Amino acid sequence: MASKKLLGMLNDAIAGELQVSLQYMWQHVQWKGVKHFAVKDEFEKIGIEEMKHAEAIAERLFYLGGTPTTKPEPITVGSSLKEMLTVDKKAEEKTVKMYKEIIVLATKEEDLTTAHLFTEILGDEEGHHDTFQSLLEEI
């Protein structure tokens, strides 16, 4: 089955997905101002996608014999729209980097299902990064 390193990386991925799903949802709820009104629903949509990612990764980790974490990485909501989008963009950059590493390790371990799962999720994460980057350019 999977190495301890890969299982640990999957748990790190779950912690990150839990973090951003909560972070984006609170950003959706705590909106203020016209500019934030225009993007609040995007926070909600992406937050729900991130929760689905956490679920899919947890199911894979459990299948591989691991125990999914229930603890998110530290959550940073931000106090302004620019601050929110900046921390969100950085979170997505960290995630993209980590998921590429997971794909490489899973492939090396011949765990093609995990590699495929993370390849699919990686596409979503790159889309989230693009969204936050584009919104930041408009502020």
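Below or above, wherever it landed, is the structure these notes cover. (Residues numbered from 1 in each chain as written. Predicted model: local features only at pLDDT ≥ 70, side-chain atom pairs only at ≥ 80, totals over all residues. Heavy atoms only, no water.)

Time to look at the side chain of Gln 27. Counting through the fold element by element, Gln 27 comes out in helix H1 (residues 4-29). Sequence-distant contacts of Gln 27, that is, excluding residues within four places in its chain, are made with His 36, Phe 43, Thr 76, Val 77, Met 84, Val 87 and Asp 88. (Helix = DSSP H or I, 4+ residues; strand = E, 2+ residues; numbered from the N terminus. Contact = heavy atoms within 4.5 Å.)

Turning next to the environment of Thr 67. In this structure, Thr 67 sits in the loop between helix H2 (34-63) and helix H3 (81-108). Distance from Thr 67 to Leu 7, taken between C-alpha atoms, is 8.8 Å for residues 60 residues apart in sequence. Setting aside its immediate chain neighbours within four residues, Thr 67 contacts Asn 11 and Leu 61.

What follows concerns the packing of H2 against H3. It is the contact of H2 with H3, at a shortest axis distance of 12 Å, that shows an interaxial angle of 25 degrees. On the basis of the axis angle, H2 is roughly parallel to H3. Handedness of the crossing formed by H2 with H3: left-handed. Of the residues in H3, those in contact with Lys 35, His 36, Val 39, Phe 43, Glu 50 and Ile 57 of H2 are Leu 81, Met 84, Leu 85, Asp 88, Glu 92 and Tyr 99. Class assignment for the residues of the contact of H2 with H3 results in seven nonpolar, one polar and four charged. (Axes fitted to C-alpha atoms, helices over the stretch in contact; angles between N-to-C directions. Parallel < 35°, antiparallel > 145°, perpendicular 65-115°, else oblique. Left-handed = near helix turned anticlockwise from the far one by under 90°. Nonpolar A, V, L, I, M, F, W, Y, C, P; charged D, E, K, R; others polar.)

Working definition: two side chains of opposite charge can pair if their charged atoms are close together. Enumeration according to the criterion identifies five salt bridges in this entry. For Glu 42, the salt bridge is made with Lys 45, and the minimal N-O distance between the two is 3.3 Å. Pair noted here: Glu 42 and Lys 45 are both in helix H2, with a separation of three residues, about one helical turn. Residue class for Lys 45 comes out partly exposed when judged on its relative accessible area of 44%. (Salt bridge = Lys/Arg side-chain N within 4 Å of Asp/Glu carboxyl O. Buried < 20%, exposed > 50% of the residue type's maximum accessible area, 1.4 Å probe, protein only.)

Another point: the nonpolar core. Soluble, globular proteins show a tendency: their nonpolar side chains are buried together. Core analysis: the biggest nonpolar cluster contains 25 residues, and Leu 10, Ala 13, Ile 57, Tyr 99, Ile 102 and Phe 118 have the highest contact counts within it. Sorting the residues of this core by element identifies H1, H2, H3 and helix H4 (112-137) as the ones contributing at least two each. Sequence-distant contacts of Leu 10, that is, excluding residues within four places in its chain, are made with Ile 57, Leu 61, Leu 64, Ile 102, Thr 114 and Phe 118. Grouped together as the second largest cluster of nonpolar side chains are twelve residues, Val 20, Val 77, Met 84 and Phe 132 included. (Core = buried A, V, L, I, M, F, W, Y, C linked by side-chain atoms within 4.5 Å.)

Take it as geometry only, folks, not as evidence of what the structure does.
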